[in-house]
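Structure assessment
Take a look at the letters that make up each chain.
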Amino acid sequence: MRRIASIIVIAALCLLTFALSLCIGENGLSISQLLNISSLNSDSVEYIIFSELRLPRTLIALSVGALLGASGIIMQTVFRNPLVEPYTLGVSGGALVGVAICISMGLSGILNGNGNMIFALLGSLASIFFIANPFSIGFSKQTSSSHILLSGIVFSFVSSAITTLLLSLSTREQMSSIISWSIGGFEGVSTGVAYSCTTIALVFLALAPFLGNLLNILLLGSVDAHTLGIRTSIFVPVVLAVASCLSAVCVASAGVIAFVGMVVPHFTVALVGQDRRFSLPCSMLIGASILLLCDIVARHIIFPQELPVGVITGLLGGIMFLWINYRKA
């Protein structure tokens, strides 16, 4: 009963933050206007603001938060470390290097404008391969999660250095674009990117309970997983590749947004428990809600100017990282 009540509260919070993000702004919409948005004139200021600015931004924040929440809880399940997430593991840094290479080489427009997405995927998969060596790790006792976390942090510094090198070799326009990706934000996101990212998030949300059932087996340990027919030497790399791809989609869509994948699973497990059939989809809903709230704060805290949402998540997540590390010490 407690779990069902928590799930209802989480879903209601997600809907509430979604509505708040659509309504709050310089030209705010009332709830009645939001409910009757289809009746507005398509040439009216309110409709244009809603359809071309506020809705795409809300959808991209919602979907990126959901995908980061899913990626974080998957990685924490595999490595059994509460500090692991796409940012601390270096996956986001690898994806950013991929995007920076794509921009500096002028390849963003290839394959119908999907160049950034392709290079981000390649960068994230390369990073997880070099950091965790997933095709040989399985649940090897020789490789600890702390070692992998340290490798990820080191790789993040290397990625930052490579990105800085690419910045120094880029034109002013390319430099501006790379910097905007590196700090993360939703300003000026296109409707196409927003709808594509939302579609990916919805599909993964539908599949989450099935993947969560398999993740539950990983929580039992390698011996029990093998007993139940799960070959961790194959399943673990596949799961890590999926989590890395989700992170890459986020970087390619909105830039690097740190620590969401680390913070969200802690709230989720506290509310609905360890069962990944419930905690994985709920982590997506909580991630969406938290990132929407951070975006609302970023839009209004120094109004009329705007902070990149990555600044807000970085501050909150950094504090959370220190707190979790202190509790583990």
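The structure displayed is predicted, hence computed values, not measured ones. (Residues numbered from 1 in each chain as written. Predicted model: local features only at pLDDT ≥ 70, side-chain atom pairs only at ≥ 80, totals over all residues. Heavy atoms only, no water.)

A few points about the overall build of the protein chain
The condition that has to hold: Segments assigned H or I by DSSP are reported as helices when at least four residues long, segments assigned E as strands when at least two residues long, and all are numbered from the N terminus. Relative accessible area decides the class of each residue, using a 1.4 Å probe on protein chains only: under 20% of the type maximum gives buried, over 50% gives exposed, and in between gives partly exposed. Per-residue and other accessible areas follow the Shrake-Rupley method at a 1.4 Å probe size, with only the shown protein chains counted as cover for residues.
Across its full length, the protein chain holds 15 helices and zero strands. By residue count, 49% of the 329 residues in the protein chain fall in the buried class. As presented, the protein chain carries roughly 15,500 Å² of accessible surface, and 68% of it is formed by carbon and sulfur atoms.

Regarding the packing of helix 1 (residues 2-23) against helix 13 (residues 260-272)
The condition that has to hold: Comment: axis = line fitted to C-alpha atoms, over the contacting stretch for helices; angle = value between 0 and 180 degrees taken between N-to-C directions. Note on angle classes: values under 35 degrees are labelled roughly parallel, values over 145 roughly antiparallel, values of 65 to 115 roughly perpendicular, and the remainder oblique. Contact criterion: two residues are considered in contact whenever any of their non-hydrogen atoms come within 4.5 Å of each other. All residues other than Ala, Val, Leu, Ile, Met, Phe, Trp, Tyr, Cys, Pro, Asp, Glu, Lys and Arg, Gly among them, are scored as polar; the first ten of these are nonpolar and the last four charged.
Running from N to C, helix 1 and helix 13 cross one another at 140°; their axes reach a closest spacing of 8 Å. Considering their axes alone, helix 1 and helix 13 lie oblique with respect to each other. Here Arg 2, Arg 3, Ser 6, Ile 7 and Ile 10 of helix 1 lie close against helix 13, whose contacting residues are Ala 270, Leu 271 and Val 272. Considering only residue class, the contact of helix 1 with helix 13 consists of five nonpolar, one polar and two charged.

What to know about the packing of aromatic side chains
Defined as follows: When two rings of Phe, Tyr or Trp (its six-membered ring) have centres within 6.5 Å they constitute a pair, described as stacked for plane angles under 30 degrees, edge-to-face for angles over 60, and tilted for the intermediate range.
Evaluated as defined, the whole model comprises two aromatic pairs. Between the aromatic rings of Phe 129 and Phe 130, the centroid separation amounts to 5.6 Å while the plane-to-plane angle is 80°, which identifies the pairing as edge-to-face. Relative accessible area serves as the criterion here: at 35%, Phe 129 is assigned to the partly exposed category.

Remarks on unusual backbone geometry
Residue Arg 80 is not a glycine yet carries a positive backbone phi of 55°. Judged by relative accessible area, Arg 80 falls into the partly exposed class, the value being 46%. Located in the positive-phi region is Phe 259, a residue other than glycine, with phi close to 75°.

Here we look at the environment of Leu 166
With respect to the helices and strands, the residue Leu 166 is situated in helix 8 (residues 145-168). Residues Leu 166 and Ile 103, 63 residues apart in the sequence, show an inter-C-alpha distance of 9.4 Å. Residues in contact with Leu 166, not counting those within four places in the same chain, are Val 97, Ala 100, Ile 101 and Ser 104.

A word on the packing of helix 13 against helix 14 (residues 276-300)
How we decide: Note on convention: near helix rotated counterclockwise from far helix by under a right angle means a left-handed crossing. Clockwise means right-handed.
At a minimum axis distance of 8 Å, the contact between helix 13 and helix 14 shows a crossing angle of 125°. Judged on the interaxial angle alone, helix 14 and helix 13 are oblique. Helix 14 is crossed by helix 13, and the crossing has right-handed handedness. Contacts between helix 13 and helix 14 involve Val 260, Val 264, Pro 265, Phe 267, Thr 268, Val 269, Leu 271 and Val 272 from the first element and Arg 276, Phe 278, Ser 279, Cys 282, Ser 283, Ile 286, Gly 287, Ile 290 and Leu 291 from the second. Per-class residue counts for the contact of helix 13 with helix 14 are 12 nonpolar, four polar and one charged.

Quick look at helix 12 (residues 232-254)
Going by this rule: Expected helix span is computed as 1.5 Å times (number of residues minus one).
Its 23 residues give helix 12 an end-to-end C-alpha distance of 32 Å, which sits within 8% of 33 Å, the value for a rise of 1.5 Å per residue. Taken across its 23 residues, helix 12 has 17 buried, putting it largely inside the fold. Positioned one or two residues after helix 12, Gly 255 has a phi angle of 85°, which is positive.

Some words on the nonpolar core
As a reminder, the rule being used: By convention a nonpolar core is built from buried Ala, Val, Leu, Ile, Met, Phe, Trp, Tyr and Cys residues, the set being connected through side-chain atoms within 4.5 Å.
Of all hydrophobic cores here, the largest spans 72 residues; its most connected members are Val 64, Ile 74, Leu 89, Phe 186, Ile 257, Met 262 and Leu 280. Among the nonpolar cores identified, the runner-up in size contains 14 residues, and Leu 96, Ala 120, Leu 166 and Ala 252 belong to it.

Some thoughts on the confidence of the model for the protein chain
Just so we agree on the cut-off: A score from 0 to 100, pLDDT tells how confident the predictor is in each residue.
Residue-level pLDDT values for the protein chain average 84, and 89% of them are 70 or greater. Per-element mean pLDDT across the protein chain ranges from 43 in helix 7 (residues 134-137) up to 93 in helix 14. Note that residues 134-142 has pLDDT below 50 and, in this model, 22 contacts with residues that lie over four places away or in other chains.

Here we look at the pattern of salt bridges
Going by this rule: One side-chain nitrogen of Lys or Arg within 4 Å of one carboxyl oxygen of Asp or Glu is enough to make a salt bridge.
Per the counting criterion, the structure on display carries four salt bridges. Arg 57 serves as the salt-bridge partner of Glu 306, at 2.6 Å between the closest nitrogen and oxygen. One end of the pair, Glu 306, is in the loop between helix 14 and helix 15 (309-328); the other, Arg 57, is in helix 3 (residues 45-79), and 249 residues separate them in sequence. A network of salt bridges, in which partner residues are shared, links Arg 57, Asp 295, Arg 299 and Glu 306.

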